[in-house]
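What follows is the residue order along each chain.
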Amino acid sequence: MELLFTLFMPLLGAILLLFVNRGAGVLAKTFAFIISAISFLLSLTLYMNFDHTNPDFQFVTNIPWIGSIDAGFRIGIDGMGLLMVMLTTFITPIALMCSFDSIKKREKEYYIMVLLLQFAMTGVFISTDLFLFYIFWELILIPMYFIIGIWGGKGRLYATVKFFIFTVVGSLFMLVAIVWLGYYVGTDLLGNSAGFTTDFVKIRSALETAGMAYEVQKWIFWAFAISFLIKVPLFPLHTWLPDAHTEAPTPGSVILAGVLLKMGTYGLIRFNLDLFPEAAMANASIISFLAVVGIVYGAIVAMVQTDIKKLVAYTSVSHLGFVVLGIFSMTNEGIQGAIIQSVNHGLSTGMLFLLIGFIYERRHTREISDYGGIARVMPAYTVFFGIAMFSSIGLPILNGFVGEFLTLMGAFKSTVLNNHWYAIIGATGVIFAAIYLLWMFQRVFLGTITHEENKSLKDITKREWAMLVPLVIFIVWLGVYPSTFLKLSDISTDKLVKKIERVEMKTNDNLSDKNLIEYQSEEN
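Residues numbered from 1 in each chain as written. Predicted model: local features only at pLDDT ≥ 70, side-chain atom pairs only at ≥ 80, totals over all residues. Heavy atoms only, no water.

## With respect to the pairing of strand β2 (residues 71–77)
Turning to step 1, where the next piece is worked out: Taken across its 7 residues, β2 has 7 buried, putting it largely inside the fold.
Turning to step 2, where the next piece is worked out: Taking every second residue as pointing to the same face, both faces of β2 are buried, with A71, F73, I75 and I77 on one and G72, R74 and G76 on the other.
Turning to step 3, where the next piece is worked out: Bridge count between strand β1 (residues 58–66) and β2: 6 bridges; the pairing is antiparallel. Considered in β2, the bridge of P64 is made with G72. (Buried < 20%, exposed > 50% of the residue type's maximum accessible area, 1.4 Å probe, protein only. Helix = DSSP H or I, 4+ residues; strand = E, 2+ residues; numbered from the N terminus. Pairing = 2+ DSSP bridges.)

## Topic: helix α11 (residues 250–260)
Turning to step 1, where the next piece is worked out: Of all the 11 residues making up α11, 11 are buried; the element is thus mostly covered by neighbouring parts of the structure.
Turning to step 2, where the next piece is worked out: Where α11 is concerned, the buried positions are T250, P251, G252, S253, V254, I255, L256, A257, G258, V259 and L260.

## Topic: the pattern of salt bridges
Turning to step 1, where the next piece is worked out: Per the counting criterion, the structure on display carries 19 salt bridges.
Turning to step 2, where the next piece is worked out: Here K499 ties to E208 by a salt bridge, and the two come within 2.8 Å at their closest N and O atoms. Taken together, the residues span a long stretch of sequence, with K499 in helix α20 (residues 483–523) and E208 in helix α8 (residues 200–210) at a distance of 291 residues.
Turning to step 3, where the next piece is worked out: We classify K499 as buried; its relative accessible area is 7%.
Turning to step 4, where the next piece is worked out: Judged by relative accessible area, which is 46%, E208 ranks as partly exposed.
Turning to step 5, where the next piece is worked out: The shortest N-O distance in the salt bridge between K455 and E452 comes to 3.4 Å.
Turning to step 6, where the next piece is worked out: Overall, the relative accessible area of 46% leaves K455 in the partly exposed class.
Turning to step 7, where the next piece is worked out: A single network of salt bridges, built from pairs that share partners, joins D70, R74, D129, D199 and K202. (Salt bridge = Lys/Arg side-chain N within 4 Å of Asp/Glu carboxyl O.)

## Comments concerning empty space enclosed by the protein
Empty space among the atoms can be located by rolling a probe the size of a water molecule over them.
Turning to step 1, where the next piece is worked out: On inspection of all chains with the given rule, the structure shows 5 cavities of 30 Å³ or more.
Turning to step 2, where the next piece is worked out: One number sums up the size of the largest cavity: a volume of about 130 Å³.
Turning to step 3, where the next piece is worked out: In this structure, the largest cavity is lined by F40, L83, M86, L87, F90, V343, L347, F474, L478 and F485.
Turning to step 4, where the next piece is worked out: Within the residue set of the lining of the largest cavity, elements represented by two or more residues are α3 (79–102), α15 (332–363) and α19 (462–480).
Turning to step 5, where the next piece is worked out: The biggest single contributor to the lining of the largest cavity is α3, with 4 residues.
Turning to step 6, where the next piece is worked out: Tallied by class, the residues present in the lining of the largest cavity amount to 10 nonpolar, no polar and no charged. (1 Å grid on protein atoms, 1.4 Å probe; cavity = no way out; pocket = protein on both sides within 12 Å on 5 of 7 lines; lining within 4 Å. Points joined across faces, edges and corners; volume = space filled by probe spheres on them. Nonpolar A, V, L, I, M, F, W, Y, C, P; charged D, E, K, R; others polar.)

## Remarks on the packing of helix α1 (residues 2–17) against helix α2 (residues 25–49)
Turning to step 1, where the next piece is worked out: It is the contact of α1 with α2, at a shortest axis distance of 8 Å, that shows an interaxial angle of 175°. Considered as vectors, α1 and α2 are oriented roughly antiparallel to each other. Residues E2, L3, F5, T6, M9, P10, G13, L16 and L17 of α1 form the contact with α2, whose participating residues are A28, F31, A32, I35, I38, S39, L42, S43, T45, L46 and N49. (Axes fitted to C-alpha atoms, helices over the stretch in contact; angles between N-to-C directions. Parallel < 35°, antiparallel > 145°, perpendicular 65-115°, else oblique. Contact = heavy atoms within 4.5 Å.)

## Some remarks on the nonpolar core
Turning to step 1, where the next piece is worked out: Counting 187 residues, the largest nonpolar core has L181, F224, F276, F328, L347 and Y381 as its most contacted members.
Turning to step 2, where the next piece is worked out: The element best represented in this core is α3, accounting for 15 residues. (Core = buried A, V, L, I, M, F, W, Y, C linked by side-chain atoms within 4.5 Å.)

## Overview of the packing of aromatic side chains
Turning to step 1, where the next piece is worked out: Enumeration according to the criterion identifies 35 aromatic pairs in this entry.
Turning to step 2, where the next piece is worked out: Seen in terms of ring centroids, W65 and F131 are 5.4 Å apart; in terms of plane orientation they differ by 70°. Their pairing is edge-to-face. Here the residue W65 occupies a position in strand β1, and F131 occupies one in helix α5 (residues 130–139), the gap between them amounting to 66 residues.
Turning to step 3, where the next piece is worked out: On the basis of relative accessible area, W65 is assigned to the partly exposed category, the value being 44%.
Turning to step 4, where the next piece is worked out: Measuring from centroid to centroid gives 5.3 Å for W477 and F485, while their planes differ by 65°, and the two rings are edge-to-face.
Turning to step 5, where the next piece is worked out: Here W477 falls in the partly exposed class, since its relative accessible area comes to 36%.
Turning to step 6, where the next piece is worked out: Here F485 falls in the buried class, since its relative accessible area comes to 7%.
Turning to step 7, where the next piece is worked out: The rings of F57, F133, W137, F200, F224, F228, F271 and F276 are connected pair by pair, giving a single aromatic cluster.
Turning to step 8, where the next piece is worked out: Over the aromatic face of W137 sits the side chain of K231, whose NZ or CZ is 5.3 Å from the ring centroid. (Phe/Tyr/Trp six-rings, centres within 6.5 Å; stacked < 30°, edge-to-face > 60°. Lys NZ or Arg CZ within 6 Å of the ring centre and 35° of its normal.)

## Concerning helix α16 (residues 379–393)
Turning to step 1, where the next piece is worked out: With 15 residues, α16 extends 21 Å from end C-alpha to end C-alpha; this agrees with the ideal 21 Å at 1.5 Å per step.
Turning to step 2, where the next piece is worked out: Counted residue by residue, α16 has 11 buried out of 15 residues, so it is predominantly covered.
Turning to step 3, where the next piece is worked out: Among the residues of α16, those classed as buried are A380, Y381, T382, F384, F385, G386, A388, M389, S391, S392 and I393.
Turning to step 4, where the next piece is worked out: Those residues of α16 hidden inside the fold are in contact with α14 (308–327), α15, α17 (399–413), α18 (421–445) and α19. (Expected span 1.5 Å × (residues − 1).)

## Details of the packing of helix α10 (residues 240–247) against α11
Turning to step 1, where the next piece is worked out: Close contact between α10 and α11 brings their axes to 7 Å; oriented N to C, the two are set at 140°. On α11, the residues touching W240, L241, A244 and H245 of α10 are S253, L256 and A257.
Turning to step 2, where the next piece is worked out: Taken together, the residues of the contact of α10 with α11 sort by class into 5 nonpolar, 2 polar and no charged.

## Regarding the environment of Y266
Turning to step 1, where the next piece is worked out: Mapped onto the secondary structure, Y266 falls in helix α12 (residues 262–275).
Turning to step 2, where the next piece is worked out: Distance in space between the C-alpha atoms of Y266 and G252 is 20 Å, their sequence separation being 14 residues.
Turning to step 3, where the next piece is worked out: Other than its neighbours up to four places away in sequence, Y266 contacts M80, G81, M84, V124, F125 and F133.

By themselves these figures say nothing about function.
Here it is as structure tokens:
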């Protein structure tokens, strides 16, 4: 029941907000924040009752829905899903609190959209039915479209349309994959009366038992992969992200960086690796190459940005390249690193966007050249920004170091990639990150104040302290004692890696047999 309450609490809040008077902005924002905070408390009960020694889905609900396609309301979480749900319920109340001052128009409608967004994001991470997963995946597009399109910046219409087109194209690929997979498993493997199924557990079990022809598997793999890689986003499918980040209101950027991008990395592990390990191994080198290119490309482009927010947006392209590299290393260290780095990125980059929003509300400019020396008048703000920056760089004892170290270690020792250069070139992203972030920090915070407007800037308020302190606590916690969170997904990751290793051994044996037959034929 805890999982059901965690899922439906934001939806209930959004429905109740419909009956609030449009002019009651204070009531709307307070109510939305309380609802979202309750969701976070509910997710903590999931954490406390979760059995981290069990790799299977827990808190399962399975209600038949559409019998003709064997679709149902099926939800459950494993360790990875729990981490993503907790990240969602943690980031959303902070984003809502950030909205109190930055959102001035149509407040009631805005808070309804954010609660709907939380409902849909939670649904994505707990769905164990492909039909239900697709509904939640598509539902996210609606509130995010309006959040950017109505409450965004001057270029919001262009950014919204671009975001919409990229997302819809990716969703069409996913829809084709779900229909093809459901029909293949339902008809050819299960032979059920419907001739179709969207039950993830049934599909996974059937594929593990009977397998899938590689010629079919590779096409379904890429249909899912394109959809998820757009959402990550991976180079060269990233071009929608900087515009969406730059034009979205601060809370929208926090949610986008903190949670939405993680749907792509979650999908790659949940579907591409778990259901199609053979195709994943065959295409790991291609995707890992693009991940490494994205790490270096995102860092270089970030280095030349003059807008602070766009600079941080490009860091996401670079940092999420580490996550994808870790996933397709297909090692325990790499996948665990990818999962924890997804959480780390949500905290550190979300905090950076939050801090950029604070300074923008005071100065109404994001140009680096309009600042300089503000550490003299905003010392507390500078300290918080420094913590978020060093976390993003990957400084030891902060969360970013753990994730990047594990992903690079996984890539280095990967027998699937079988090439140390992925890790070596990827590691240059850490150096580039230090260069562009420290250079930006120097130009914004250090030196003398050269603009008169900056002399009267006020340091962070009590409400801003309340938003930043929880983020710092988890940033340090994950850096000092990451096993608190790593243990949640350790068993399920180990199970996945063992499955991949079995497929790898089988593939190698088949290749050996094929080579032996060819050799014997040549001898004869």
